Amino acid sequence: MSENMQQVDVRAIGAHPDDIELSCAGTLLRLQSLGYKVGIVDMTRGERGTRGNAEIRAKEAQEALKILGFEFREILDVGDLQIFDTHENRIKVVECVRRHKPSLVLTHYNRDKHPDHEGTGDLVKHSMFVAGAANVPARFEPHNPKRLLYWPSSWMMECNVYVDVTDFWEHKIRAARAHKSQFFDPNSADPTTTLSQPAFFDRLEMRARYFGDQIGCKLAEVFYMREPIKVNDPMQLCP
Ligand SMILES: [Zn+2]
C-alpha cells in the first residue's frame with residue numbers, strides 16, 4: 001500500500017484514539033475553520049485499554065474523524081502501553097512528520113499519570129529535532145515543524161497558550177462521544193475508568209470554563225510552549 005504523503009499545516013499526535021478529541025480537538029476545529037489543513041495521528045490502537053478492544057476502537061476512531069472532518073487519521077501502531085522514546089519509534093515519528101510537513105505540531109505534555117502520554121510527549125519532542133537532521137537513517141526529505149505545543153492531560157501544569165474554543169465545543173464533544181466504548185454506558189459490563197464515570201464530560205467542561213475565564217471567554221483549551229517567542233512588534237501582544 002502506498003504511504004500517505006498528504007501535506008498538512010497542523011498535525012496532532014495522541015497516544016490513544018480518544019486523546020486528541022478530549023485534549024485539543026476544539027483548537028484543531030478552530031484551525032480548520034480558518035482554512036488550515038489538519039491531520040491527526042494516534043501512536044497506538046488503544047488495544048490494551050480497560051474498555052473496548054482494538055476493533056471497536058478503530059471503528060469509533062473513524063466515526064470521530066468523520067465528525068471532525070479532518071484530512072486523515074493515521075495510526076503508527078507502536079503498541080499500547082509500550083510508547084517508549086526509542087530510536088526505532090523516533091524513526092516512525094520522523095518519517096510521519098516528513099511525509100506530512102506540518103508547521104505546527106500538538107502533543108501530550110510529558111508529565112502525566114499515564115506512561116503512554118509521557119512517552120508520547122518525550123518521543124515527539126525529540127523526533128521534531130531529528131526530523132530536520134539530514135544524516136539520520138530515515139526516509140523522505142528533512143523537515144522541521146516551526147512550533148510544538150503540549151497539552152495537559154491528567155494533571156494540570158502551567159500553560160502559556162490559551163485558545164478560545166467556545167464556538168467549537170459542541171462539535172468537539174460530539175466527536176469525543178463517538179468513542180462510545182470509553183464513556184459511561186449503564187449497559188456496559190466493562191470495568192469503570194475515570195472517563196467512564198457519569199460526570200466525566202461535566203468535569204471536562206468545567207476545566208474548559210476555568211481556562212476560558214482566564215482569557216475572558218466561555219471555554220478554552222490550553223497548551224504549553226517551551227520555546228521563547230521572538231517579537232518584532234511588541235504591540236502585537238496587545239490585541
Ligand atoms: Zn490516552
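Report on the accompanying structure. Counting starts from 1 at the beginning of each chain's written sequence and moves along it residue by residue. Local features are withheld for residues below a pLDDT of 70 in this predicted model, meaning they are given only at 70 or higher, and side-chain atom pairs are given and counted only at 80 or more; totals for whole chains, interfaces and linings count all residues.

Thoughts on unusual backbone geometry
- The phi torsion at Asp77 lies on the positive side, around 55 degrees, for a residue other than glycine.
- Each residue is classified by how many other C-beta atoms fall within 10 Å of its C-beta atom, where C-beta atoms are placed from the backbone; a count of 20 or more means buried, 12 or fewer means exposed, and values in between mean partly exposed. With 13 C-beta atoms packed within 10 Å, Asp77 lands in the partly exposed category.
- Positive phi values are uncommon outside glycine, yet Leu81 reaches one of about 65 degrees.
- Mapped onto the elements, Leu81 comes out in the loop between strand E3 (72-75) and helix H4 (87-100). Strands here are runs of E lasting at least two residues and helices are runs of H or I lasting at least four, both read from the DSSP assignment and numbered beginning at the N terminus.

A short note on the pairing of strand E4 (residues 104-108)
- Most of E4 is tucked away: 4 of the 5 residues are buried.
- Between any two strands, pairing holds if DSSP finds at least two bridges. As paired strands, E4 and strand E5 (residues 147-151) are joined by 5 bridges and run parallel to one another. Each bridged residue has a counterpart across the sheet, and for Thr107 the counterpart in E5 is Tyr150.
- Place the viewer so that the strands point away; then a crossover is right-handed whenever the path from the first strand over the helix to the second strand goes clockwise. With respect to chirality, the unit in which E4 leads through helix H5 (residues 115-131) into the neighbouring parallel E5 is right-handed.

What to know about the environment of Glu71
- With respect to the helices, strands and loops of the structure, Glu71 is situated in the loop between helix H3 (54-68) and E3.
- Sequence-wise, Glu71 and Lys37 are 34 residues apart; in three dimensions their C-alpha atoms are separated by 6.7 Å.
- With residues up to four places along the chain from it excluded, the contact list for Glu71 reads Gln6, Val8, Lys37, Val38 and Gly39. We call two residues in contact whenever the C-beta atoms placed from their backbones are within 7 Å.

Observations regarding the sheet that holds E5
- Across the sheet, 5 strands lie side by side as E3-E2-E1-E4-E5; this open sheet has parallel pairing. Each end of this open sheet is capped by a strand with a single partner; those strands are E3 and E5. Neighbour to neighbour, the strand axes of the sheet diverge by 20 degrees on average, direction disregarded.
- As defined by bridge partners, strand E2 (residues 38-42) adjoins E3 across 4 bridges and the pair is classed as parallel. Each bridged residue has a counterpart across the sheet, and for Gly39 the counterpart in E3 is Phe72. Here the axes come from fitting lines to C-alpha atoms, over the contacting stretch only for helices, and the angles between their N-to-C directions go from 0 to 180 degrees.

Some thoughts on the packing of H4 against H5
- Contact pair H4 / H5: the axes reach a minimum separation of 9 Å and the direction vectors enclose 60 degrees. One finds that H4 runs oblique with respect to H5. Between H4 and H5 the crossing geometry is right-handed. Contact residues: H4 offers Asn89, Arg90, Val93, Val94, Val97 and Arg98, while H5 offers Leu123, Val124, His126, Ser127, Val130 and Ala131.
- In this classification, Asp, Glu, Lys and Arg are treated as charged, Ala, Val, Leu, Ile, Met, Phe, Trp, Tyr, Cys and Pro as nonpolar, and every other residue, Gly included, as polar. Of the residues that constitute the contact of H4 with H5, the class distribution is 7 nonpolar, 3 polar and 2 charged. For classification purposes, an angle smaller than 35 degrees is called roughly parallel, one larger than 145 roughly antiparallel, one from 65 to 115 roughly perpendicular, and anything else oblique. By convention, the crossing between two helices is left-handed when the near helix turns anticlockwise from the far helix through less than a right angle, and right-handed when the turn is clockwise.

What to know about the packing of helix H2 (residues 25-33) against helix H6 (residues 169-176)
- Two elements in contact, H2 and H6, have axes separated by 9 Å at closest approach and are oriented at 120 degrees. Accordingly, the angle class assigned to the pair H2 and H6 is oblique. Two packed elements cross with a definite hand, and for H2 against H6 that hand is right-handed. The residues of H6 that touch H2, namely those facing Ala25, Gly26 and Leu29, are Trp169, His171, Lys172, Ala175 and Ala176.
- Class assignment for the residues of the contact of H2 with H6 results in 5 nonpolar, 2 polar and 1 charged.

A closer look at the pairing of E2
- Among the 5 residues of E2, 5 are classified as buried, and the element is accordingly described as predominantly covered.
- What you see with E2 is no split at all: Val38, Ile40 and Asp42 on one side and Gly39 and Val41 on the other are buried throughout.
- Direction of pairing for strand E1 (residues 10-14) relative to E2: parallel, over a ladder of 5 bridges. When the bridges of E2 are listed, Ile13 appears paired with Val41.
- After leaving E2, the chain enters H3 and then returns to the sheet as E3, a path that is right-handed.

Observations concerning H2
- The buried fraction of H2 is high, at 8 of 9 residues.
- Among all positions of H2, only Ala25, Gly26, Thr27, Leu28, Leu29, Arg30, Leu31 and Gln32 are buried.
- After H2 finishes, the residue Gly35 shows a positive phi value of roughly 105 degrees.

Section: the environment of Val163
- As for its placement among the helices and strands, Val163 is situated in strand E6 (residues 161-164).
- Here Val163 falls in the buried class, since 21 other C-beta atoms lie within 10 Å of it.
- When the C-alpha positions of Val163 and Thr86 are compared, they lie 32 Å apart, and in sequence the two are 77 residues distant.
- With residues up to four places along the chain from it excluded, the contact list for Val163 reads Thr27, Arg30, Ala220 and Glu221.

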